[in-house]
Amino acid sequence: MTVQELPGAAAYRPTPPPAWKPITDPAPLLPDPEPYRVLGTDAVADADPELLLRLHAELVRGRRYNAQATALTKQGRLAVYPSSTGQEACEVAAALVLEERDWLFPSYRDTLAAVARGLDPVEALTLLRGDRHTGYDPREHRIAPLCTPLATQLPHAVGLAHAARLKGDDVVALAMVGDGGTSEGDFHEALNFAAVWKAPVVFLVQNNGFAISVPLAKQTAAPSLAHKAVGYGMPGRLVDGNDAAAVHQVLGDAVARARRGEGPTLVEAVTYRMDAHTNADDATRYRVDSEVEAWKAHDPVRLLERELLERGLLDETGVERAKEAAERMAAALRDRMNADPELVPMDLFAHVYAEQTDQLRAQAAALRAELDAEQDHDEHGTEAGR
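Residues numbered from 1 in each chain as written. Predicted model: local features only at pLDDT ≥ 70, side-chain atom pairs only at ≥ 80, totals over all residues. Heavy atoms only, no water.

## Overview of the environment of H56
Relative to the helices and strands, H56 is located in helix α1 (residues 49-74). Along the chain, H56 and W295 lie 239 residues apart, while their C-alpha atoms are 19 Å from each other. (Helix = DSSP H or I, 4+ residues; strand = E, 2+ residues; numbered from the N terminus.)

Here is the structure:
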């Protein structure tokens, strides 16, 4: 006998307690049907000219940074590099929208965002070169380690933001992830915790069309990734990811909202990855050249530069000045990356645990003995050669 077949079961229709009811009207959480734009619209008249010029300078520098880092992989000076060419507007806006006290949680493709936030360009590449665990001190720069596993940085961002609020610190965390990362469990867990706790965190999804070779349509049937926000009880915003001014404004609104204690926001920036997934990827196997060419007409650097030139905020001299500054940065990066790093093998065991385990101590002792034996052999070999 089932519950429904029990005597009096038909009359037993309990009213769900309030905790079961939706606590939010979904309508205000829905994103606009089209990505928000500033450049080429009436909204650009309200944009801060100084901000636009700074965005332009950082975009030009970022484009050159991506090109130089990619070249370093071909020269054997960098093991791998996931270029963000075409996505510079998202990277730069994410860095510039934060206050110094805030935290940035990047993915593996977001080296440019870290550099735009002030990280040494060489330190940003150290992990990808294979020299050190992270390459920089996350606490010093308030930039979490560049994250290679997909979406695992998102729950960390939520945890830090929630902890900061509990401590009374006025801190916002901005977590970056690609469209492929939205298919990971960590993405869903992070959004759920953030919304329930009203954590001061902003999620920026850079939808560049492909999770390596998998197009977005094979990952989700949702109208947009921004729509996913509604299921968690947070607003979703859809923005043109190649419009630097629009991305900065939308992220700025989301950061301000989080700082006021109103909870998280999911921002989807629609952009395009112009280069291959990494230098080890052959993008021609899953997309055609005509698609890439079509997106070049919506290049984030050209879009902003054209707007500034048309409004008289920038002239050809200013354009050349930005390119020259970017070239100086690239030359310095190239020279420093061409120098052989001075590596300390025993650093392998540092910063793994606060207190080393017995296993790590044994491994460290074994390596130390091997290094000492090698040094002793080299010294005696040199003496014998004399």
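## Thoughts on the pairing of strand β7 (residues 265-270)
Within β7, five of the six residues are buried, which leaves the element mostly enclosed by the surrounding structure. In this sheet, β7 lies alongside strand β3 (residues 201-207) in parallel orientation, the contact comprising six bridges. Bridging across to β7, N207 finds its partner in V270. Judged from the five bridges that link them, strand β6 (residues 236-240) and β7 form a sheet pairing that is parallel. From the neighbouring strand, V239 faces β7, where its bridge partner is A269. Remark: the β6/helix α8 (residues 244-259)/β7 crossover connection has right-handed handedness. (Buried < 20%, exposed > 50% of the residue type's maximum accessible area, 1.4 Å probe, protein only. Pairing = 2+ DSSP bridges. Right-handed = clockwise from strand over helix to strand, strands pointing away.)

## Digging into the pattern of salt bridges
Taken as a whole and judged by the stated rule, the model has 16 salt bridges. E262 is the partner of R257 in a salt bridge, and the nearest nitrogen-oxygen pair spans 4.0 Å. A relative accessible area of 35% means that E262 is categorised as partly exposed. One continuous salt-bridge network, built from bridges that share partners, spans R101, D102, D170 and R259. (Salt bridge = Lys/Arg side-chain N within 4 Å of Asp/Glu carboxyl O.)

## What about the packing of aromatic side chains?
Considering all chains together, one arrives at five aromatic pairs under this definition. Ring centres of F193 and W197 lie 4.8 Å apart, and the angle between their planes is 35°; on these two criteria the pair is classed as tilted. Of this pair, F193 and W197 both sit in helix α7 (residues 185-197), four residues apart, which is roughly one turn of the helix. Residue class for W197 comes out partly exposed when judged on its relative accessible area of 33%. Aromatic side chains F210 and Y286 sit 5.4 Å apart centroid to centroid with 55° between the ring planes, which places their arrangement in the tilted category. With F210 in strand β4 (residues 210-211) and Y286 in the loop between β7 and α9 (289-296), the pair connects residues that are 76 residues apart, well separated along the chain. Y286 carries the same exposure label as F210, and that label is buried. (Phe/Tyr/Trp six-rings, centres within 6.5 Å; stacked < 30°, edge-to-face > 60°.)

## Brief notes about helix α11 (residues 316-338)
Given 3.6 residues to a turn, an α-helix orients residues that are three or four positions apart in the same direction. Across its 23 residues, α11 extends 33 Å between first and last C-alpha, which sits within 8% of the 33 Å expected from 1.5 Å per residue. All of the buried residues along α11 are G318, V319, A322, A326, M329, A330, L333 and M337. Considering only its buried residues, α11 is in contact with α1, α4 (121-129) and α10 (300-310). (Expected span 1.5 Å × (residues − 1). Contact = heavy atoms within 4.5 Å.)

## Let's talk about α1
In a regular helix each residue adds 1.5 Å, so 26 residues correspond to 38 Å; α1 covers 38 Å between its end C-alpha atoms and thus fits that length. Note on α1: the residue one or two positions beyond its end, G76, has a positive phi of about 80°.

## Quick look at unusual backbone geometry
The backbone phi angle of R142 is positive, close to 55°, even though this residue is not glycine. Position of R142 among the secondary structure elements: in the loop between α5 (138-141) and α6 (153-167). Under the relative-accessibility criterion, R142 is labelled partly exposed at 29%. Non-glycine residue K198 carries a positive phi angle of around 55°. Inspection of the secondary structure assignment puts K198 in the loop between α7 and β3.

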